[in-house]
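Reading the structure
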Amino acid sequence: MKLEWDFSELNSFADRLNNISDFETHLMTATREIAKALHKALVTRTPVVTGKLKQGWNNSGNLSFTVQKVKGGYMVELTNNVEYASCVNYGHPSHNQFN
């Protein structure tokens, strides 16, 4: 049995990618869109008692995330400035945790 593979469309796609002069700009834009979707999901899944923690995902009305180019890709960092946010995420420390 003989198998034949046609990579012409894949090669054509690779050529088009190589010809995009501002590929990094498109990649950063796509990463920001993914970060926005992640931010929205994170806000939606944040538990609400007073609403303060959910509001902490926004910083002065702006989305509280950054996108940075790092070696090998991009890094998205989502921040919440509410002091007890990490306790909600990782659990509250016990008052007698050392006993």
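Structure: above.
Calculation rules
- Here the residue numbers are simple positions, counted from 1 along each chain's written sequence.
- Reporting of local features is limited, given that this is a predicted model, to residues whose pLDDT is at least 70; pairs of side-chain atoms are given and counted only at 80 or more, and all residues count toward the totals for whole chains, interfaces and linings.
- Side-chain measures were taken over the full set of non-hydrogen atoms in the model, leaving aside hydrogen atoms and water.
- By the criteria applied, helices consist of DSSP H or I runs no shorter than four residues and strands consist of E runs no shorter than two, each listed in order from the N terminus.
- Here the open area of atoms and residues is found with the Shrake-Rupley method and a 1.4 Å probe, where only the protein chains shown may cover a residue.
- Note on pairing: DSSP must find at least two bridges between two strands before they are called paired.
- When checking whether two residues touch, look at their non-hydrogen atoms; a contact exists if any pair is within 4.5 Å.

Notes on the overall build of the protein chain
- Scanning the protein chain from N- to C-terminus turns up 4 helices and 4 strands.
- Reading the secondary structure of the protein chain in the N-to-C direction produces α-α-α-β-β-β-β-α.
- As displayed, the protein chain has an accessible area near 8,500 Å², and 55% of this comes from carbon and sulfur atoms.

Points about the pairing of strand E4 (residues 73-78)
- Bridge count between strand E3 (residues 65-70) and E4: 6 bridges; the pairing is antiparallel. Each bridged residue has a counterpart across the sheet, and for lysine 69 the counterpart in E4 is tyrosine 74.
- The turn joining E3 and E4, which pair antiparallel and follow one another in sequence, is formed by 2 residues; a positive phi near 85 degrees is taken by glycine 72.

Topic: the environment of methionine 28
- Within the fold, methionine 28 resides in helix H2 (residues 23-45).
- Distance from methionine 28 to lysine 69, taken between C-alpha atoms, is 8.2 Å for residues 41 residues apart in sequence.
- Here methionine 28 is in contact with Val67 and Tyr74, once residues within four sequence places are set aside.

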